Every structure is written in C-alpha cells, then in structure tokens.
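Chain by chain, the residues:
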Amino acid sequence: MRLARKVALITGGTSGIGRATSLLFSREGAKIAVSGRNRDRGLDVVKEITAAGGEAVFISTDVRFPDECRRTVKETVDAFGRIDILFNNAGVWFPNTVPDCTEEEWDLTLDVNLKGAFLMSKYTIPIMVAQGSGIIIHNGSGWGLVGGAEAAAYCASKGAIVLLTRAMAIDHAREGIRVNCICPGDVETPMLVDDARNRNIPWETYRDEASMRPMGRIGTPNEIARATLFLASDDSSFMTGASLVVDGGGVA
C-alpha cells in the first residue's frame, strides 16, 4: 500500500498504460480520478476499481482545452479533497516525416502530448503548493531522448516533455513538488496496434519488428505502470527532473 491515502489524477486513464496505472495505483491504496475522452471505457475502469474495493471516479476530459483541464482538476478536488499525484499520460501518435505531416496532425500531436501536460500541470500545481507536496509524472518516450524514423511530430512533442520535466522540477522543488518523466519504449497498447494498422503492416509482423531490441520483446502496460508507481511513491523520494527509461534496452 505504497500510495495509501493518496489521490491520483490520471489522464488517458481509460486504456493502455493509463488503465494499467489506474488499476495498480488503486491496489496500492490511492483514490483515482480516471480522466479521458471515452466515457464507456472510463466507466469500465472505475467499475473494475470499485469492484475490488477501491475508490474512483471518471471525468470526461479533452486535455487540449484549458476549460476542460481546469474543470477536471476541480472535480477531482471536489471528489477527494486533494491531488497528490498527477500522471500526464494522455497522448496521440501519427507516423509522419516533416514533409508528409499535415498541419492538423502536427497541431493535434503537440496539443495533446505537450499542451495537455502543460495545462493539467498549470491547474494542479497551485493545489499541490497549497498542500505543501505533490508528484507530477509526465509520460514521455524513448523517442523523446533519441530520434525515431517517421515520427517527426511525436518526437518533437516527447522531446519537449523531457525538457518541460526538468524545467518544472527546478521551479517547484522548493515547494515540495517532484516532477519526473517516464520514457517507455514500444508497449503493447491500442496506440501501437493503431500504428500498425495506419502503416498497413500486419500486427504480428509489426510486433516482431518492434521486438528487435536487447530483451527481444515489446513491453506490457503493467511493466510501465510499475515503473510509474516507483516515481509516484516515496521509493523515489530523492528524484526530480529525471527521465526514467523503460524500454527493454532500446535506447541503449
């Protein structure tokens, strides 16, 4: 119960890494605000948490818009009284180079992956400052540390997340707020399956190609959730501004 009596707000909490993290954090004692755009999937996560004896609410959110982010923070505080952990996990991905990236793809990628993290942090930090403590975790990527092929907009957004993490860590350390970044490699999530479909590659072929890394496989959402739990708990009490790579050795 490493998160006993804590409140966690998780964006993109309805599937993949966000869903796995919501379920794990609940098992570790946290009350969970599951934020996302898909109401049915969000309510399913809440139902699974409450069926196991946990506490959770679903909050419909599109992180591109400030009013929705502000409302999400308010509804979380209204439900649970505080916010101890913010996991900025919502993200999108389009395979593109700079010439073939449309302005719409560029704007959507930066708005969700980067602006969403900025907005959610902007409205959550004052709550944490008033509490005297808080933890913010951004979901970055191994491709926020090194380049990737046909991923121009995604790499730009995740590289910015890595440096946003460092800047926020410096700004808010003396206020009792730790800010870190988790950098997954390829993980078997709906986003990865969608990428295979968008590239017209059979999933089995895509998965085999993505497994060409030292550990010989792609990751699971639960593996990323457990690493995120480390950053959310006192186990990482002397860490801030860090980017924790969890990618089976891909960046190495």
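What comes next is a walk through the structure. Here the structure is a predicted model, which means the values were calculated and not measured.

A few points about the pairing of strand β3 (residues 56-60)
Direction of pairing for strand β2 (residues 31-36) relative to β3: parallel, over a ladder of five bridges. Its bridge partner lying in β3, Ala33 is registered against Val57. Read from β2 through helix α2 (residues 39-51) to β3, the crossover connection turns out right-handed.

A few points about helix α1 (residues 16-27)
End to end, α1 covers 17 Å across twelve residues, agreeing with the expected 16 Å (1.5 Å per residue, within 8%). α1 sits mainly inside the fold: ten of its twelve residues count as buried. If you check which residues of α1 are buried, you get Gly16, Ile17, Gly18, Ala20, Thr21, Ser22, Leu23, Leu24, Phe25 and Ser26. Directly beyond the C-terminal end of α1, a positive phi value near 110 degrees is found at Gly29.

A few points about empty space enclosed by the protein
Using the criterion set out here, one finds one cavity of 30 Å³ or more in the structure. Counted as a void, the largest cavity has a volume near 60 Å³. If you trace the largest cavity, you find 13 residues lining it, with Asn88, Ala90, Val112, Asn113 and Ala117 closest to the centre. Among the elements that take part in the lining of the largest cavity, helix α4 (residues 103-131) stands out by supplying four residues, more than any other. Class assignment of the residues belonging to the lining of the largest cavity gives a composition of five nonpolar, seven polar and one charged.

Let's talk about unusual backbone geometry
The phi angle at Arg5 is positive, at roughly 70 degrees, despite the residue not being glycine. For Arg5, the location among the structural elements is in the segment before β1 (7-11).

Looking at the environment of Ile136
In this fold, Ile136 is placed in strand β5 (residues 134-139). If we skip the residues at most four places from it in the chain, Ile136 touches Leu86, Asn88, Ser121, Ile125, Met128, Met168, Ile177, Arg178, Val179 and Asn180.

A short note on the packing of aromatic side chains
Inspection of the entire model under this criterion finds three aromatic pairs. Measuring from centroid to centroid gives 5.8 Å for Trp93 and Trp143, while their planes differ by 40 degrees, and the two rings are tilted. Pair noted here: Trp93 is in the loop between β4 (85-88) and α4 and Trp143 is in the loop between β5 and α5 (152-172), with a separation of 50 residues, a long-range link. With a centroid separation of 4.9 Å and an interplanar angle of 80 degrees, the aromatic rings of Trp93 and Tyr154 are classed as edge-to-face. One end of the pair, Trp93, is in the loop between β4 and α4; the other, Tyr154, is in helix α5, with 61 residues separating them in the sequence.

Some remarks on the layout of surface pockets
Here the idea is plain: a probe the size of a water molecule rolls over the atoms and shows the empty space left. Here the second largest pocket is characterised by a volume of approximately 200 Å³. Around the second largest pocket, the lining is made up of 13 residues, and of these Lys6, Ser133, Ile135, Arg178 and Asp234 lie nearest the centre. Across the lining of the second largest pocket, the residue classes break down as three nonpolar, five polar and five charged.

Focus on the nonpolar core
If you look at the biggest cluster of nonpolar residues, it comprises 28 residues, and the most contacted ones within it are Phe25, Ile32, Ile85 and Ile137. Contributing elements (two or more residues each) for this core: β1, α1, β2, α2, β3, β4, β5 and α8 (221-232). Residue contributions to this core peak at six residues, all from α8. Residues within four places of Ile137 in sequence aside, it is in contact with Ile85, Leu86, Phe87, Asn88, Asn180, Ile182, Thr228, Leu231 and Ala232. One finds Leu9, Val63, Leu86 and Val92 within the second-largest nonpolar core, a separate group that totals 21 residues.

Reading the values: rules and limits
Residues numbered from 1 in each chain as written. Predicted model: local features only at pLDDT ≥ 70, side-chain atom pairs only at ≥ 80, totals over all residues. Heavy atoms only, no water. Pairing = 2+ DSSP bridges. Helix = DSSP H or I, 4+ residues; strand = E, 2+ residues; numbered from the N terminus. Right-handed = clockwise from strand over helix to strand, strands pointing away. Expected span 1.5 Å × (residues − 1). Buried < 20%, exposed > 50% of the residue type's maximum accessible area, 1.4 Å probe, protein only. 1 Å grid on protein atoms, 1.4 Å probe; cavity = no way out; pocket = protein on both sides within 12 Å on 5 of 7 lines; lining within 4 Å. Points joined across faces, edges and corners; volume = space filled by probe spheres on them. Nonpolar A, V, L, I, M, F, W, Y, C, P; charged D, E, K, R; others polar. Contact = heavy atoms within 4.5 Å. Phe/Tyr/Trp six-rings, centres within 6.5 Å; stacked < 30°, edge-to-face > 60°. Core = buried A, V, L, I, M, F, W, Y, C linked by side-chain atoms within 4.5 Å.

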